[in-house]
Amino acid sequence: MKGIKGLFLVVAVSICLNFLPSTTMAQKPIVLRMAHWMADNKLLGAEHFVADEMFKRSNGAVKIETYFGGTLGKGNELLGLAKDGSIDIACIAPGYYPSQLPLWNATNNIPFAMREVDTVLEAANRLSSEIPGVREEMEKQNVKFLFSEPLINYSLFSKRPAVKFEDLKGLKIRSYGVYLPQIFKAAGAVGVTMYAPETYEALKRNVIDGSVWPLAGGYFMKNHEVAPHVSLWGIMSICGYNHFINLDVWKKLPENVKKLMLDVYVDANKNARERYVWRTEEAKKGMVKDGATVYPIADSERKKWIDACPNFMDQWVESCEKVGKGEAARQMRDLWLQIIAKNDK
């Protein structure tokens with residue numbers, strides 16, 4: 001009798017085991033590929049933070065592989081690669097995509113609009129979530145917005161001092177997008193379009209006389225070594241490197257993984273402010289140690305430059321009107337200006 005009971009027990013356990021999910025399959029990690037067009041450096045703290053935290057908080061169940069330096073795609077290719085699923089998460093500069101992102105690209109390249117880090121962080125999160133037209137144009141590219149690294153108070157790195165508005169005349173300055181060329185033209189300078197990683201060699205070979213960066217960006221990209229006059233013009237503060245995840249990939253993620261990722265990005269926003277502070281201080285000290293000179297700019301001189309420029313917000317809204325996005329642009333502009341008025345005092 002005992003033998004029969006034992007046999008039934010073995011059979012019962014075997015049947016149960018056959019219907020249990022495979023332990024290996026259940027623990028198989030989710031692997032996401034994140035691609036950035038810039039070379040890895042201290043300016044890119046969010047990418048490592050997100051990858052490390054996702055792996056740690058998921059106990060290894062979610063692994064984000066990071067690829068830097070354009071190894072999976074150039075700066076003007078990553079959005080398309082994320083759209084078709086060739087990569088999972090793209091870290092892009094929206095200003096490189098004015099036709100694909102006519103609304104959102106403005107947050108990445110309108111000069112003399114935002115100044116403080118809190119302004120940029122709030123603008124990134126609220127404009128991307130509260131303006132239906134912005135969400136729609138992202139969905140059209142088959143991506144979901146996750147995060148934007150704030151790049152604060154762009155300064156001029158130049159081969160000669162440029163501390164007065166008149167000093168800018170004749171300079172050839174690295175440029176991109178629609179609006180930077182216009183501010184240089186307004187000052188009698190010339191904008192030369194090129195990708196950010198190309199600026200060091202261009203300065204070294206005298207192809208250009210200057211470049212514009214947040215202090216940390218110019219320092220980590222070593223522009224101060226070949227353009228040692230750093231003028232704190234506060235040209236723009238922008239929603240910098242955006243993290244977009246392929247929408248199909250996002251929809252397939254388990255709900256607990258989605259929640260975890262959103263929580264991690266909330267924390268990435270929180271420590272973005274801390275990263276900005278220490279990166280800026282490290283950059284100032286490092287540049288001075290390397291022989292560069294950092295110049296403050298008088299408010300009156302900055303105002304001369306601003307007054308010489310057109311109203312870029314209005315210009316951007318007009319451009320959106322031409323592609324049928326005028327109403328969305330006006331909604332976005334109104335909320336954006338409210339955020340600026342609240343934080344940039």
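Residues numbered from 1 in each chain as written. Predicted model: local features only at pLDDT ≥ 70, side-chain atom pairs only at ≥ 80, totals over all residues. Heavy atoms only, no water.

J.: Which residues make up empty space enclosed by the protein, and what are the values?
T.: If a probe the size of a water molecule is rolled over the atoms, the empty space left behind becomes visible. Applying the stated criterion across every chain yields a total of one cavity of 30 Å³ or more. Here the largest cavity defines a volume of roughly 140 Å³. In this structure, the largest cavity is lined by 17 residues; those nearest its centre are Trp37, Leu151, Tyr154, Arg174 and Tyr241. When contributions to the lining of the largest cavity are tallied by element, the ones reaching two or more residues are β8 (210–213) and β10 (238–246). Top contributing element to the lining of the largest cavity by residue count: β10, with three residues. Classifying every residue of the lining of the largest cavity gives 13 nonpolar, three polar and one charged. (1 Å grid on protein atoms, 1.4 Å probe; cavity = no way out; pocket = protein on both sides within 12 Å on 5 of 7 lines; lining within 4 Å. Points joined across faces, edges and corners; volume = space filled by probe spheres on them. Helix = DSSP H or I, 4+ residues; strand = E, 2+ residues; numbered from the N terminus. Nonpolar A, V, L, I, M, F, W, Y, C, P; charged D, E, K, R; others polar.)

J.: If you had to explain the sheet that holds strand β1 (residues 30–36) to someone new, which residues and values would you point to?
T.: In space, the five strands of this open sheet follow the order β2-β1-β3-β10-β4, with mixed pairing throughout. Across the chains shown, the open sheet's two edge strands, defined by having one partner strand only, are β2 (62–67) and β4 (143–151). When strand polarity is set aside, the average angle formed by the axes of neighbouring strands in this sheet is 20°. Sheet topology places β4 next to β10; seven bridges connect them, and they run antiparallel. (Pairing = 2+ DSSP bridges. Axes fitted to C-alpha atoms, helices over the stretch in contact; angles between N-to-C directions.)

J.: So what's going on with the pairing of strand β3 (residues 89–92)? Which residues, and what values?
T.: It is a general feature of regular strands that their side chains alternate between the two faces of the sheet. Burial of the side chains of β3 extends over both faces: Ile89 and Cys91 are buried on one face and Ala90 and Ile92 on the other. Two elements, β1 and β3, share three bridges in a ladder whose sense is parallel. Among the inter-strand pairings, Met34 is bridged to a residue of β3, identified as Ile89. Pairing geometry for β3 and β10, over four bridges, is antiparallel. Looking at β10, one finds that Ala90 is bridged to Phe244. (Buried < 20%, exposed > 50% of the residue type's maximum accessible area, 1.4 Å probe, protein only.)

J.: Explain the packing of helix α6 (residues 117–130) against helix α13 (residues 255–289) to me, and be specific about the residues and the numbers.
T.: Remark: α6 packs on α13, axes separated minimally by 10 Å, with the N-to-C direction vectors making an angle of 150°. Relative to α13, α6 is oriented roughly antiparallel. The two elements α6 and α13 cross, and the hand of that crossing is right-handed. Of the residues in α13, those in contact with Val117, Asp118, Leu121 and Asn125 of α6 are Asn269, Ala272, Arg273 and Tyr276. Within the contact of α6 with α13, the residues separate by chemical class into four nonpolar, two polar and two charged. (Parallel < 35°, antiparallel > 145°, perpendicular 65-115°, else oblique. Left-handed = near helix turned anticlockwise from the far one by under 90°. Contact = heavy atoms within 4.5 Å.)

J.: So what's going on with the packing of helix α15 (residues 312–321) against helix α16 (residues 326–343)? Residues and values would help.
T.: Pairs of packed helices are described in terms of their axes, by the angle between the two and the distance that separates them. Look at α15 against α16: their axes get within 8 Å of each other, and the N-to-C directions meet at 160°. On the basis of their axis angle, the class for α15 and α16 is roughly antiparallel. Both α15 and α16 take part in a crossing whose hand is right-handed. The segment α15 lies against α16, with Met313, Asp314, Trp316, Val317, Cys320 and Glu321 engaging Gly326, Ala329, Arg330, Met332, Arg333, Trp336, Leu337 and Ile340.

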